[in-house]
Structures are given as C-alpha cells and as structure tokens.
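Report on the structure
What follows is the residue order along each chain.
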Amino acid sequence: MTDVPIIVPADPGGGWDQTGRAMSSVLTSEDIVNSAPVTNIGGAGGANGLAALANETNPDTLMVMGLVMVGAVETNASEVRLEDTTPIARLTDEALVIVVPAASEYETLQDLVDDILENGQDVTITGGSAGGADHILAGLLLEAAGLSSDEISSSLNYIPNSGGGEAVSLILGNNVSAGISGVAEFSEHIESGDMRALAVSSAERVEALPDTPTIVEEGYDVTLTNWRGVVASGSIDDAQRNALELVVTEMHDSEAWASELETRGWADAFLVGEDFDEFLTDNIAEVQTTLKNIGLVA
C-alpha cells in the first residue's frame, strides 16, 4: 500500500484535524506509506465527511471519527451512518476541559452552573458540533445539577462549531460565557493565562492540568472522555480491511506515534478489528440513550 488518503470531517484546528495530521506525519515519516494526504471536509458534526466517505472510490481511504460523530449522526439525523462504514481502529482517548475567558467572573464550576440555573439561555457555552462530546458533557452536567431533559433543553444555550479554532476565537474574544473541548485543544491557552480551566471530565486529574479539579471533585457525578479512531468505506472487502488494519497497527506500534501521544496529551486507547467493531456498536447504543435522557434528541 503506497498511499492512504485521510479525510478529516471537520475544519482545521480541532481534535480530528490534529489526529489526522499526526497520523499523516507518522505514516510518512516511518515509511509505512508513501503519502497520506489530509483533506478537511467540515460541517454537520462530521456528517458531510461521512457522506464523502460513502462516495469514496479509493479503498485505502481512512476517515478520522469518534464519539463526537456518534452523537452528531443522531442529532443531525444523518442519512449516512457509522453503521455504513468499516471500523478500522480506535486510537486515542482524551479528557474534556470546561474553560472560561480569563476575565470571566466564574472562579469555579459551581459559579458557572449556578448562573445557568438562574439565567438559562443568557449563559452561552461553545464547543464542537451539536450532539458531540462537548455538547453531551454540558447536558450531563445540567442533568447532574438536577434538571430534567425538558429543563436542559430550555436552559442550555450551546453554540456549536465545525472546528476547534472557531471555539477558541469565541472564548478568547469574550463572546461566550464558557467553552468545552479536549484538553489538548485548550491547553496552550490555559497555560498562557488567556483561559481559566474550571474542571476536567475524566475520573482522575490529567497530567497536563494537574491543578484543575475533576467535575466529580467539584460535586457533580459526571465523567466522560472523548475517544477518536478511524473507519474506512463500507464497500471495502475483507482483504482491503485487513491491509488497512495492518497499516494502522504498524503506525500505532511506532515510537513516533508514542511521541505524538505524549506531546498532545492523548491516552493510548488502541482497539482494532472486531474489538473496535463491538466497541463502536455498544457506544452508538449508549450515546443514543444519553442524548434522549438529556433532551438532545426525541
């Protein structure tokens, strides 16, 4: 296999884009493939990229995806679904972080939640696509604060974006009350002091933000991590699937990929083949239930 095109179903700057470009770098620098060109196809929480993959004629094409797309398929009522693709591998897992602009009056997560409970739609939260991990986390937080699904729908003013760069701009411009994204996407702005981290969504504190408490530590029983992986066209045969699995496995086993994980603060969550297939099936069912419980889908 000489060329493995990579579809990133989002605009530049976010976690999918970072993942796709990290993959491209490792695949080519380690001489696993000759080229791994990245194409950004943003919009609809990845559904536009999913539709492009369905029409892809090159069987060696990979598309970056993850928990965000699982949710977005449901909230966008996408005609093309992840069940129509061929699962290749889960790659990474990352905690989310809730942040506010440096000048914000919110000093703690409790301050933010209290304001939402009191002022509802006047409090704006930005993040990735509608129905994605960031949106789900906001809904789960309000559910843990005691709101029903109807109350969450009427209180949560969530501003979705098709790329991480847009959310950063809104937060740094003081145009929203708070933001949610993966730790890696906000960490440099937190370190520079332009954003203040209120809480992370993992069960334990994350190494990159050791002074930031977990949501559980702040009094809300919520944990959620954002996994990412790759799929291929649903039309490929078993031999083509096996070849792609071998390419991605060789990438995962390289020191260069381990270095990317460490640099970006991503946890290694590698699953390949039938194991990833089973995980994805279960995750789709779990997300469908969660989205209904927090009022994001009927």
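Residues numbered from 1 in each chain as written. Predicted model: local features only at pLDDT ≥ 70, side-chain atom pairs only at ≥ 80, totals over all residues. Heavy atoms only, no water.

**Quick look at the packing of aromatic side chains**
Applying the stated criterion across every chain yields a total of 4 aromatic pairs. Centre to centre, the rings of Trp227 and Phe276 are 5.9 Å apart; their planes meet at 80°, and the pair counts as edge-to-face. You can see Trp227 sitting in strand 9 (residues 225-232) and its partner Phe276 sitting in helix 11 (residues 274-293), a full 49 residues away along the chain. Comparing Trp227 with Phe276 shows no difference in burial state: the two are buried. Ring centres 6.4 Å apart and planes at 20° place the aromatic pair Phe276 and Phe279 in the stacked group. Taken together, the positions of Phe276 and Phe279, both in helix 11 and 3 residues apart, correspond to about one turn of that helix. Residue classification places Phe276 among the buried residues on the basis of a relative accessible area of 0%. Following the ring pairs from residue to residue traces out a cluster consisting of Trp227, Phe276 and Phe279. (Phe/Tyr/Trp six-rings, centres within 6.5 Å; stacked < 30°, edge-to-face > 60°. Helix = DSSP H or I, 4+ residues; strand = E, 2+ residues; numbered from the N terminus. Buried < 20%, exposed > 50% of the residue type's maximum accessible area, 1.4 Å probe, protein only.)

**Things to note about a negative patch on the surface**
Taken together, the side chains of Glu30, Asp31, Glu250, Asp253 and Glu255 define an acidic patch exposed on the protein surface. With respect to the element layout, Glu30 can be found in the loop between helix 1 (15-29) and strand 2 (38-40). You can call Glu30 partly exposed: its relative accessible area is 37%. (Patch = residues over 30% accessible without salt bridge, like charges linked within 9 Å, V, L, I, M, F, W, Y side chains within 5 Å. Areas by Shrake-Rupley, 256 points an atom, 1.4 Å probe, with all protein chains shown as cover. Salt bridge = Lys/Arg side-chain N within 4 Å of Asp/Glu carboxyl O. Lys, Arg positive; Asp, Glu negative; His and termini not counted. Charge placed at Lys NZ, Arg CZ, Asp CG, Glu CD.)

**Overview of the packing of helix 1 against helix 10 (residues 255-264)**
Across the interface, helix 1 lies against helix 10 with an axial gap of 10 Å and an inter-helix angle of 150°. When the axes of helix 1 and helix 10 are compared, the pair comes out roughly antiparallel. Pair helix 1 / helix 10 crosses with right-handed handedness. Contact with helix 1, carried on its side by Gln18, Ala22, Met23, Ser25 and Val26, involves Ala256, Trp257, Glu260 and Arg264 of helix 10 and no other residues of that element. When the residues that make up the contact of helix 1 with helix 10 are grouped by side-chain class, the tally is 5 nonpolar, 2 polar and 2 charged. (Axes fitted to C-alpha atoms, helices over the stretch in contact; angles between N-to-C directions. Parallel < 35°, antiparallel > 145°, perpendicular 65-115°, else oblique. Left-handed = near helix turned anticlockwise from the far one by under 90°. Contact = heavy atoms within 4.5 Å. Nonpolar A, V, L, I, M, F, W, Y, C, P; charged D, E, K, R; others polar.)

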